[in-house]
Amino acid sequence: MADVKIERKDSVMCAYVSGEIDHHSAAEIRETIDRALIAKDINLLTMDFGGVTFMDSSGVGLILGRYKLLSALGGRLVIQGTPPSVNRMLKLAGITKIIEFKGETADETC
Amino acid sequence: MADVKIERKDSVMCAYVSGEIDHHSAAEIRETIDRALIAKDINLLTMDFGGVTFMDSSGVGLILGRYKLLSALGGRLVIQGTPPSVNRMLKLAGITKIIEFKGETADETC
Amino acid sequence: MKPVNYVKFTFLSRSINESFARGAIAAFAAQLDPTVEQLADIKTAVSEAVTNCIVHAYPADVGQIQITAAVYENERLVITITDKGVGIADVEAARQPMFTTGGAERAGLGFAVMESFMDNVKVRSKLGKGTRVTLIKQLHMREHTSRPLFCAA
Amino acid sequence: MKPVNYVKFTFLSRSINESFARGAIAAFAAQLDPTVEQLADIKTAVSEAVTNCIVHAYPADVGQIQITAAVYENERLVITITDKGVGIADVEAARQPMFTTGGAERAGLGFAVMESFMDNVKVRSKLGKGTRVTLIKQLHMREHTSRPLFCAA
Ligand SMILES: Nc1ncnc2c1ncn2[C@@H]1O[C@H](COP(=O)(O)OP(=O)(O)O)[C@@H](O)[C@H]1O
Ligand SMILES: Nc1ncnc2c1ncn2[C@@H]1O[C@H](COP(=O)(O)OP(=O)(O)O)[C@@H](O)[C@H]1O
């Protein structure tokens, strides 16, 4: 139901997530991202939610999990392209202040 | 799930069917068309299937029923805009030779 | 053979539930990654079988319809549609194209559609007891194609 | 009050069935002609409740999940999600936002989402026996708007 495409350039990685994010698909997305993160020394991960058509609270866990992992690795997480339904979930979760949304500088987004 | 829009001009009537045609919605579509057919003296009914996203054999019954009604009233039925899935059903039903598809003359289509 | 996954559901023989039934089966069949056409075939066959319960099995009253769907290891999808309605006197005759007891608005094509759109159709029926239709479709997992994506990071 | 329409379904606590469950409920709820947002709310709440059965109720094995959905005359939709799993020791504590026993990848927001997206959420649970979550949403039939169509016949 969900899909994730990984693009890497030097220490910057972008993960394009699409489809439906639930507990089932979040596990697959997490594994794909973490495998790529650990294989290479990444200090900026951008997660793009432009193609997401459904997300329950498992998506919040997915974001928080990557946030913590990046912090532990000394890197940063940036979120972009979140559709209204995802924004609503992030607001409800109260993580819009913790998590960094698409920065002003072009080099940190995909 | 399904919708039907009726347009009439003199003795010519067009019915634009859209959505999913099953036994449930076919009953509603039939009532709408037949009410309009009987209210005015119609001798050409064009049924447009351009917006149909699903059709089971109830749709064949719907077409055959209108075909018979029109014949009884001394009128004609023309079918147009059938998507591939509808064509497949009509072929399986073997009614593509009985039923008239969109004619060459512009005045009998919507 | 034991199914890898299955679902069973029960609902009333109201015509509004025809779309529910094929929608629910489509949601279940999605795990087999069917093509758009395969999914349309399955939905159409289920719609025919459920309509038959509503129109023929319980002609005068509202009864219960039970559906089961099971996925087997070889990607075989097996769906049963069961009613406790009037039953079919002569199953062989009922399966003939154009045969209908349903009046002018029924085309008599339900079974023909099920047979044409599925790989195998079984019908068990007992007069006064009800009918079970089994629909079988063999699906093959398609290769996942990845769309190319460019990241200008 | 008796429901106008209802469905009951049973399936295995496999994570692949999360999407099936919300898809099936969406197909059932469609008869109430919900807005896109109402449908998304219902799907999300069901997804949370079903995920809880899969993750928490049956942490080590595969169990059965039962869902019922009923429509009442006043366009009230009542959904129950029932498991026979481990149960919840302290329901009040479990319902608090951020409370989770599920580890780092669970946000502890399942109940908060259900409460925010539905009109009423009830939880009954017994340790070692299982849990039933009831989700209630009041829908209002919208006016059907007709798109204008031109026929040059
Ligand atoms: N579940 C059922 N219970 C009782 N009779 C049935 C059932 N399904 C089919 N039949 C009988 O078989 C006939 C043929 O069915 P079908 O090929 O689906 O065409 P149709 O539904 O258009 O009549 C029906 O007209 C009916 O007499
Ligand atoms: N069906 C259930 N069976 C057993 N425990 C449950 C069930 N549903 C919820 N819980 C308990 O309630 C806690 C909070 O659930 P929830 O708010 O959905 O957040 P999360 O699923 O992210 O943990 C869970 O961590 C679990 O301990």
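See the structure shown above.
Okay, so let's go over this structure. (Residues numbered from 1 in each chain as written. Chains lettered and ligands numbered in written order. Predicted model: local features only at pLDDT ≥ 70, side-chain atom pairs only at ≥ 80, totals over all residues. Heavy atoms only, no water.)

1. Let's talk about the sheet that holds strand β5 (residues 100-101) of chain B
Residue and element names in this part refer to chain B.
Argument step 1. Taken in spatial order, the five strands line up as β1-β2-β3-β4-β5 in an open sheet, and their pairing is mixed. Each edge of the open sheet carries a strand with a single partner, namely β1 (2-9) and β5.
Argument step 2. As defined by bridge partners, β1 adjoins strand β2 (residues 12-21) across eight bridges and the pair is classed as antiparallel. Counterpart to Ala2 in the pairing with β2 is Gly19.
Argument step 3. Of the strands in this sheet, β2, β3 (44-55) and β4 (76-80) touch helix α2 (residues 57-72), which is tilted by about 175 degrees from β3.
Argument step 4. Across the sheet, helix α3 (residues 84-93) is in contact with β3 and β5; its angle to β3 comes to roughly 110 degrees. (Pairing = 2+ DSSP bridges. Helix = DSSP H or I, 4+ residues; strand = E, 2+ residues; numbered from the N terminus. Contact = heavy atoms within 4.5 Å. Axes fitted to C-alpha atoms, helices over the stretch in contact; angles between N-to-C directions.)

2. Notes on α2 of chain B
Residues and elements named next belong to chain B.
Argument step 1. Here α2 contains 16 residues, and its C-alpha end-to-end distance of 23 Å stays within 8% of the 22 Å for a straight helix at 1.5 Å per residue.
Argument step 2. Taken as a whole, α2 has its buried residues at Ser57, Ser58, Gly59, Val60, Gly61, Leu62, Ile63, Leu64, Gly65, Arg66 and Leu70.
Argument step 3. Sitting at the head of α2, Asp56 places a side-chain oxygen 2.9 Å from the backbone nitrogen of Ser58.
Argument step 4. Gly74 lies just past α2 and shows a positive phi near 75 degrees. (Expected span 1.5 Å × (residues − 1). Buried < 20%, exposed > 50% of the residue type's maximum accessible area, 1.4 Å probe, protein only. Polar contact = N/O pair within 3.5 Å; in protein donor to acceptor, adjacent residues only side chain to side chain.)

3. So, the interface of chain A and chain D
Argument step 1. With 21 residues of chain A in contact, the opposing surface of chain D contributes 24 residues.
Argument step 2. Of the roughly 1900 Å² buried at the junction of chain A and chain D (both faces included), carbon and sulfur atoms supply 54%.
Argument step 3. Ranking the residues of chain A by area buried against chain D places His23, Arg88 and Leu92 of chain A at the top, with a combined share of 30%.
Argument step 4. Summed over the shared surface of chain A and chain D, the result is five salt bridges.
Argument step 5. Arg88 of chain A is paired through a salt bridge with Asp41 of chain D; the nearest N and O atoms lie 2.8 Å apart.
Argument step 6. Put simply, chain A and chain D have eleven residue pairs in polar contact (both at pLDDT 80 or more) between them.
Argument step 7. When residues of the side of chain A that touches chain D are traced back to their parent elements, those giving at least two are α1 (23-39), β3 (44-55), α2 (57-72) and α3 (84-93) of chain A.
Argument step 8. Counting residues per element, the side of chain A that touches chain D draws most heavily on α2 of chain A, at eight residues. (Buried area = accessible area lost by both parts, 1.4 Å probe. Salt bridge = Lys/Arg side-chain N within 4 Å of Asp/Glu carboxyl O.)

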